[in-house]
Amino acid sequence: MLEDRVTSLDRFIIEQERLYPEATGRFSNILYDIALAAKVVTREVRRAGITDILGRAGRANVYGEDVTKLDAFANNVFIHATEHSGNVCIMASEENDGCVEIPPEYPTGSYALLMDPLDGSSNIDVNVAIGTIFSFHRKISKGPRGAVEDCLQPGRRQVAAGYVVYGSSTMLVYTTGSGVHGFTLDPTLGEFILSHRNIRIPERSTYISANESNYPKWPEEVQSYVGHLRKRSYSSRYIGSLVADFHRNLLKGGFFMYPPDQKSPTGKLRLLYEAAPLAFVIEQAGGYASDGHGPILDIQPTELHQRVPLYIGSPFETREAEAWISGRKRPDAGPSSSAG
Ligand code: AHM
Ligand code: MG
């Protein structure tokens, strides 16, 4: 049947504003800017194989990893789309060492923007899904133009977070703290259309997403928990792009983990750009995110590029993993017993 009524992202935002009349509308403007940046990046991702945008940009990012041209491009697009509006006071990006200040010619606003502009960079040049992760905090610093303390806030204080997945279609998924909503980019209209209202993650699942080649380097309790899941016949799904793995698990149910290992004793993923935003999304969808000992959202960050172990997804497995890893549940507990 032909659908003669569609809800665009713009219309959805207006409807949400009517539900919350105290909203100033400023935040809505930021979402429009994010959506525009996502469309620009989509265009380049789609052309990546046929234009000169693949390959190394010839420099390393702050972690010493090669930056591809598309990473650098996406970083610039998201910065330029949001810096001019007078809504953002400061930014921090996985691609930049320190905070990104708003140029003096622009006014500043009440929100700090944190982002991983192009996650899953190892998958860029092989036509596999990649993504953008973003998050907003309210300005808490006293000065007029924002400071690093605006970025170093626990995830629990995020006012919005979400991601864009550049897959077989582009999807924008976000939360402002009242549910998680997903929009699919209709390339014929050039608009994000509401496709997934109020997403809820299944309570438990039969899928695990982890780089199991790291198994020998994982802590013993993590190995033991994975062994426990294997006995329960869990199946594996791992793409190697966090956004894509997360998105699949959000819709279908699943448990993603990137534990600490001998090479990365505090984990690989970044608290502010990857773990905390997705933790906000997953909790809003009925799931849970942990660092193995407690909620990701309660961690007080101490530095911009802090890494953290991440266990995230369906609440049953994620809470069970936390209990197992933190020693609250005995490794010999039976498969049917639930986490505390
Ligand atoms: P990136 O931000 O440089 O792309 O790195 C993060 C990515 C995640 O998307 C993904 O979950 C993880 O690294 C994959 O790591 P690995 O290749 O070690 O499995
Ligand atoms: Mg990343």
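Check the entry above for the structure.
Note that this is a predicted model, so its numbers are computed, not measured. (Residues numbered from 1 in each chain as written. Chains lettered and ligands numbered in written order. Predicted model: local features only at pLDDT ≥ 70, side-chain atom pairs only at ≥ 80, totals over all residues. Heavy atoms only, no water.)

## Digging into unusual backbone geometry
The phi dihedral of Asn 127 falls on the positive side, at around 60°, and the residue is not glycine. Tracing the chain through its elements places Asn 127 in the loop between strand 5 (111–119) and strand 6 (130–138). Under the relative-accessibility criterion, Asn 127 is labelled exposed at 78%. (Helix = DSSP H or I, 4+ residues; strand = E, 2+ residues; numbered from the N terminus. Buried < 20%, exposed > 50% of the residue type's maximum accessible area, 1.4 Å probe, protein only.)

## A closer look at the side chain of Ser 141
Relative to the helices and strands, Ser 141 resides in the loop between strand 6 and helix 4 (148–151). Look at Ser 141 and you get buried, because its relative accessible area is 8%. Look past the residues within four positions of Ser 141 in its chain and what remains in contact with it is Gly 146, Ala 147, Glu 149 and Asp 150. (Contact = heavy atoms within 4.5 Å.)

## What about the sheet that holds strand 7 (residues 158–166)?
Across the sheet, eight strands lie side by side as 4-3-5-6-7-8-9-10; this open sheet has mixed pairing. Single-partner strands in this sheet number two, and they are strand 4 (100–101) and strand 10 (191–196). Two strands pair when backbone bridges link them, and strand 6 and strand 7 are joined in this way by eight bridges, in the antiparallel orientation. When the bridges of strand 7 are listed, Ile 133 appears paired with Tyr 163. Contacts from helix 1 (residues 9–19) reach strand 8 (170–175), strand 9 (180–186) and strand 10 within the one sheet, and its direction differs from that of strand 8 by about 10°. Packing against the sheet, helix 3 (residues 69–82) makes contact with strand 3 (88–93), strand 4, strand 5, strand 6 and strand 7, and its axis sits at approximately 155° to strand 5. (Pairing = 2+ DSSP bridges. Axes fitted to C-alpha atoms, helices over the stretch in contact; angles between N-to-C directions.)

## A look at the pattern of salt bridges
Applying the stated criterion across every chain, the model contains eight salt bridges. For Arg 230, the salt bridge goes to Glu 212, with nearest N and O atoms at 2.7 Å. In this pair, Arg 230 is assigned in helix 5 (residues 220–231) and Glu 212 in the loop between strand 11 (207–209) and helix 5, connecting sequence segments 18 residues apart. Connected through shared salt-bridge partners, Glu 94, Arg 270 and Glu 274 make up one network. (Salt bridge = Lys/Arg side-chain N within 4 Å of Asp/Glu carboxyl O.)

## Here's the deal with the site of ligand 1
In the vicinity of ligand 1, 17 residues are found, and the nearest of them are Gly 120, Asn 211, Tyr 238, Leu 242 and Tyr 258. One nitrogen or oxygen atom from the side chain of Tyr 238 is found 2.6 Å from an oxygen atom belonging to ligand 1. Between Leu 242 and ligand 1, the recorded distance is 2.7 Å, taken from a backbone N or O atom to an oxygen atom. Burial of ligand 1 by the surrounding chains reaches 85%, relative to a free accessible area of 470 Å². (Near = heavy atom within 4 Å. Polar contact = N/O pair within 3.5 Å; in protein donor to acceptor, adjacent residues only side chain to side chain. Areas by Shrake-Rupley, 256 points an atom, 1.4 Å probe, with all protein chains shown as cover.)

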